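Residues per chain, in single letters:
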Amino acid sequence: MIAPRTCVLISTWLACASHGENSAHAFLQPPPSAATTVRRFAARTDVDGVDSDSTSTNGATKTATNGSNDAASAPAKVGEVSPSDPFSFVVPILGDLHIDPRKMEDYSVGRSHILSIIKDAKSQLGISKEGDNDDDDPKGVALVSLGDLGESKNCDHNPDNPFELFAGTSQCHETAAEFLGSFGVHYDVIGGNHDLEGIDEFDSDAKNLRKFLSAHGKETPQFCTQVAEKTLLVGLCSTIFREAKYTSHEVIIDDAQIVWFEQLVKSKPADEGWRIFVFSHAPPNGSGIRIIQENHVVNGCCWLNHSDEKNCRKFIEIVRQNRCIKGWFSGHFHLGQDYQDSITFPTIDPSEGPYPNRGSCVFAQTSVMRAGTSRDGRQQSRLLRGTQNGFEICTIDHKKEGAIRVDATVTYRDDSHEVGVYAHEDEAYDHDNYFKVYQPQFDDHGYVCADEEELCLLTPDPITEETCAWWKLSCGRVLGVVNGMMLEFDKSTLAPLGLVVSGDELFGKQVAIVDSGLEECLINFEEDGMDGADCADGNDTTDDSREQVSLFLDQCMLEIEVYFTLL
């Protein structure tokens, strides 16, 4: 029997609340269209997206309109900042640095690219004096680091301990602080899953976190910085490593930060003109980001608070309820930005599936600067440029002398309606280096088994790497067979959560789900102490939920394995 969800598997302005290695495989879903894609989307007042109108064109350029029917065109120069526009800002965003003090060449090159962008931004915004843009006053230009600051291996940094990992040590954080502080602008940083990894130097997460905070001059793990008129940069920091319940490399945002974050965004409503851009090391469940490393899915550390079902879903719920959140940037996967799947808009073309309900938020994956940390050969950072009319998400390509490429443009039509445009087709899509995992959609071709069936053979043919099937259990949980593995998917967002059964145990077998079919086995979730109550989740349960058993049928051995029971 498997346990639920564990089967794998600032410095701030007054406007801010003042609370307190390399894998060749990735989960990569093919882009919805080979053509440049235009999407119109609107914030909705309902969570389920019932009150929307959707249309699409038949041309090569696809358009999806939700909540608005007139076809307004985006201003040509959304990303052109100006000193006359108080909403103008420029923010370079650095992905996982994983600094190795023995290999600083790529950081020196990347730094020169960022410095050139910062210099140009200051000139465009009329910031000329040396002290006009410092650590206490972003004034339109700032820098954000998404964490994982040090290399998670010994870097010959401590002669007294040749086995000590560099990540999370005092030397690591001081080196990173020196690097991040060398750009001449205000910088903010959040912790990733490796930043409290100084296990030989610190005997607790609390002590390690204090060093992280002191090295970067932070008062709290989270940050909130006003970078322009009614424009906030907000960061959420992983604070647990040694004390993680399951895997130490889960990116865990503690309860205090979640409360702080929810209170902050509620206090800055979209209808008052606020725009909030969020930064976290891993993306939230429900973001729709499909450039995902296999090891993160298998080990249950893909999403923020991955192993905590309630808090894992909490972030997308906050996004859905607060249309002031316009963008969310994350790293963690060490994969490039040359795919449209590395950026997701709040909605999709109706022909591609149901409304995903991502509020008014665009989610963007961020690559890495150093070649030795890249899993697909890309060395890239993000650039966020905003104005009164909208914002651009760009790529800074460190392998192309810091060339800037616009990836997506978002234009504000009003406080809660935007137009999003992918600026180019996929720059790279290599089937040899990646394998595809589709994200289930209700009633799509992979769905099998009606809820009322007492016996269901889910895979009529023996399982191979090509098998694609998913099903919903009576308790509401979602399982599926993809790439030869059985995975659990989130029952709300259908994002992959983690490994249930590995391929070496599944290949050549078939899977069946058997319902007990007995009235006495009906699960009454209202009854205290009833077995199976761990499947209950508010309104998701029904009065006729039943005990079920998963069977693995081995045709060669002519035997049936009762692998686990789900209640």
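Along each chain, residue indices are assigned from 1 in the same order as the chain's sequence is written. Reporting of local features is limited, given that this is a predicted model, to residues whose pLDDT is at least 70; pairs of side-chain atoms are given and counted only at 80 or more, and all residues count toward the totals for whole chains, interfaces and linings. Side-chain numbers come from the whole structure's heavy atoms, not from hydrogens or water.

1. What about unusual backbone geometry?
Phi at Lys-230 is positive, roughly 50 degrees, even though this residue is not glycine. Going along the chain from the N terminus, every DSSP run of H or I of four or more residues is numbered as a helix, and every run of E of two or more is numbered as a strand. Mapped onto the elements, Lys-230 comes out in the loop between strand S6 (223-228) and strand S7 (231-235). Positive phi is not limited to glycine here, since His-332 has a value of about 85 degrees.

2. Comments concerning the pairing of strand S20 (residues 485-489)
The element S20 is largely enclosed, with a buried count of 5 among its 5 residues. Where strand S19 (residues 478-482) lies against S20, 5 bridges are found, and the strand directions are antiparallel. By the bridge assignment for S20, Val-482 is matched with Met-485. Pairing between two strands is assigned when DSSP locates at least 2 bridges connecting them. Between S19 and S20, which pair antiparallel in sequence order, lie 2 residues; one of them, Asn-483, sits at a positive phi of approximately 55 degrees. A simple rule labels every residue: compare its accessible area, found with a 1.4 Å probe on the protein chains alone, to the largest value its type can have, and call it buried under 20%, exposed over 50%, or partly exposed in between.

3. Focus: the sheet that holds strand S10 (residues 325-330)
One open sheet accounts for 6 strands, arranged S6-S7-S8-S10-S12-S11; its pairing is mixed. Of all the strands in the sheet, the pair left with one neighbour each is S6 and strand S11 (343-344). Sheet topology note: the S6/S7 ladder contains 5 bridges and is antiparallel. Each residue of the ladder has a partner; that of Cys-224, found in S7, is Val-234. Set on the sheet, helix H4 (residues 255-266) makes contact with S6, S7, strand S8 (275-279) and S10; between it and S7 the angle comes to about 170 degrees. Residue contacts are counted whenever heavy atoms from the two residues lie within 4.5 Å of one another. Axis definition: a line fitted to C-alpha atoms, limited for helices to the stretch in contact. Angles are taken between N-to-C directions and run from 0 to 180 degrees.

4. A short note on the side chain of Asp-407
Topologically, Asp-407 is positioned in strand S15 (residues 403-414). Whenever two N or O atoms come within 3.5 Å, that pair is a polar contact, provided that in protein one can donate a hydrogen and the other can accept it, and provided that, for residues adjacent in sequence, both atoms are side-chain atoms. One polar contact links Asp-407 to Arg-405, side chain to side chain, over a distance of 2.7 Å.

5. Description of the pattern of salt bridges
Any carboxyl oxygen of Asp or Glu that lies within 4 Å of a side-chain nitrogen of Lys or Arg is treated as forming a salt bridge with it. The tally for this structure, following the rule as stated, stands at 14 salt bridges. For Asp-338, the salt bridge goes to Arg-378, with nearest N and O atoms at 3.1 Å. Remark: Arg-378 occurs in the loop between strand S12 (362-365) and strand S13 (380-387) and Asp-338 occurs in the loop between S10 and S11; sequence separation between them is 40 residues. On the basis of relative accessible area, Asp-338 is assigned to the buried category, the value being 8%. Counted as one network, the salt bridges with shared partners bring together Asp-338, Arg-378, Arg-382, Arg-405 and Asp-407.

6. Digging into the nonpolar core
Nonpolar side chains in soluble globular proteins generally cluster together in the buried interior. If you look at the biggest cluster of nonpolar residues, it comprises 61 residues, and the most contacted ones within it are Phe-179, Leu-180, Leu-233, Phe-277, Phe-279 and Leu-384. The contact partners of Leu-233, leaving out residues within four places of it in the chain, are Val-91, Ala-142, Val-144, Phe-223, Cys-224, Thr-225, Val-227, Phe-277 and Phe-279. The definition of a nonpolar core used throughout is a set of buried Ala, Val, Leu, Ile, Met, Phe, Trp, Tyr and Cys residues joined through side-chain atoms within 4.5 Å. Of all hydrophobic cores here, the second largest spans 33 residues; its members include Val-234, Phe-261, Phe-315 and Phe-333.

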